[in-house]
Amino acid sequence: MDSVCEQQFPDLATDSRLDLDTRQVRDKVIEKFKAGLGYKKISQALNIPRSTVQAIIQKWKEYGTTVNLPRQGRPPKLTGRTRRALIRNAAKRPMVTLDELQRSTAQVGESVHRTTISRALHKVGLYGRVARRKPLLTENHKKSHLQFATSHVGDTANMWWIWSDETKMELFGQNAKRYVWWKTKTAHHSEHTIPTVKYGGGSIMLWGGFSSAGTEKLVRVDGKLDGAKYRAILEENLLESAKDLRLGRRFTFQQDNDPKHKARATMEWFKTKHIHVLEWPSQSPDLNPIENLWQDLKTAVHKRCPSNLTELELFCKEWARISVSRCAQLVETYPKRLAAVIAAKGGSTKY
């Protein structure tokens, strides 16, 4: 192929030594293109990348010239190579900081401001966000999640299921996240802050459950929750709540794999009461819609700014005011949660 091109164009030997950035090379490309050669043959003849040939010809077709056109606006502070390196770095190391990225650009001689780096990442859809907290999953966890989701993927949003769990409600702490409007240098003013005390200022432990028909009775747990205390809660509340929700005795009960839930005496209690308990994989809050309901409750409670544990417990009665439609909506997400676990191959999901 090269020998044929050299016979037709005797100046090929000198062409291959031409500087890619010269006007002469670009003119040679257009000359050969007009002569009927394709991109591949021109690339081989002039010993330049095919992509370069394509770019030169496309520019000539659009603007009718091979001359370098004047740039519009201020030239970018980051070269294309450095920008691509930043994007690769951020994509491969999501926890990398802007300071680290800034130092990496300085090492290649391109000192730029952090906002310049942020804009470069924003253009490709990479944004800095607070990392979500998710349970630590081992390979065994992922395997059991995937196995569970696969075996239950045909399940519908069953109105006869009761979802249950415990949660800790803190008086102060991370649950009390609020957004406020402030002017510069007023962030520390009392009206712009949330009071905190050491160790969260105290907390209460709650047990609750819900179905698509509404919420069960919310129970405050005094002291440490052990197997005996858990069975007492079930004895006093589960069947009565199921009756109030008009579930009868046909419901399926969901609980996680906490040792007090799976204790032999607890499982015997379920058997004696003829209650079907759903086998549940460990470390799988993504599958349980009650987690969303707990967040609803915590948001509603802390909007009322309780100042002591008595008020905190009183405000938790918001649980009973959660609408049936909200409960039904969350139950209906169960099939989607299963599909999301399968898509994530047993890993964490958005739920």
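For every chain, the first residue of its written sequence is number 1, and the numbers climb from 1 along that sequence. Given that the model is predicted, a residue must reach a pLDDT of at least 70 before its local features are reported, and side-chain atom pairs must reach 80 or more before they are shown or counted; all residues, however, enter totals for whole chains, interfaces and linings. Excluding hydrogens and water, the side-chain values take into account all heavy atoms of the structure.

Within an unreviewed UniProt entry, the label attached to the chain reads Transposase, and the organism entered is Oreochromis niloticus.

A. Quick peek at the overall build of the chain. Each helix corresponds to a stretch of at least 4 residues labelled H or I by DSSP, and each strand to a stretch of at least 2 residues labelled E; elements are numbered beginning at the N terminus. Helix and strand content of the chain: 16 helices and six strands. Think of it in three bands: residues with accessible area under 20% of the maximum for their type are buried, residues over 50% are exposed, and the middle band is partly exposed, with areas taken using a 1.4 Å probe on protein chains only. Within the span of the chain, comprising 351 residues, buried residues form 36% of the whole. A contact between two residues is defined here by any heavy atoms of the two lying within 4.5 Å. For the chain, restricting intrachain contacts to residue pairs at least 6 apart in sequence, the fraction spanning at least 24 positions comes to 67%. Total accessible area computed for the chain in this model is approximately 22300 Å², and 52% of it derives from carbon and sulfur atoms. In short, Shrake-Rupley with a 1.4 Å probe defines the accessible areas, and a residue's cover is counted only from the protein chains shown.

B. A look at the nonpolar core. The biggest cluster of nonpolar side chains holds 30 residues, and the ones touching the most others in it are Trp163, Met169, Phe210, Leu293, Leu297 and Trp319. Mapped onto this core, the elements with two or more residues apiece are α9 (139–152), β1 (161–170), β2 (203–211), α13 (290–303), α14 (309–315), α15 (324–331) and α16 (334–343). Joining through side-chain atoms within 4.5 Å is the link that ties buried Ala, Val, Leu, Ile, Met, Phe, Trp, Tyr and Cys residues into a set, and such a set is a nonpolar core. With 18 residues, the next largest nonpolar core counts Trp207, Phe253, Trp269 and Val277 among its residues.

C. Summary view of the layout of surface pockets. Points on a 1 Å grid over protein atoms alone make up a cavity when a 1.4 Å probe fits among them but cannot get out, and a pocket when they form an open set with protein on both sides within 12 Å along at least five of seven lines; lining residues each have an atom within 4 Å of a point. Grid points are joined across faces, edges and corners, and a volume is the space filled by probe spheres set on the points. The calculated volume of the second largest pocket comes to roughly 520 Å³. Taken together, 16 residues form the lining of the second largest pocket, with Pro94, Val96, Tyr127, Gly128 and Arg129 sitting closest to its centre. Taken together, the elements giving at least two residues each to the lining of the second largest pocket come down to α7 (98–107) and α8 (114–122). The residue classification treats Ala, Val, Leu, Ile, Met, Phe, Trp, Tyr, Cys and Pro as nonpolar and Asp, Glu, Lys and Arg as charged. All others, Gly included, are polar. Residue composition of the lining of the second largest pocket, grouped by class: 11 nonpolar, four polar and one charged.

D. Structural view of the pairing of β2. Where burial is concerned, most of β2 is hidden: seven out of the nine residues are buried. In this description, strands pair whenever DSSP reports at least two bridges between them. By the bridge criterion, eight bridges tie β1 to β2 in an arrangement that is antiparallel. Looking at β2, one finds that threonine 167 is bridged to leucine 206. Sheet analysis places β2 next to strand β4 (residues 219–221), joined by three bridges and oriented antiparallel. Pairing of methionine 205 across the sheet is with valine 221, part of β4. Where β2 lies against strand β3 (residues 214–215), two bridges are found, and the strand directions are antiparallel. The residue of β3 that forms the bridge with phenylalanine 210 is threonine 215. Here β2 folds back onto β3 in antiparallel fashion, the turn holding two residues.

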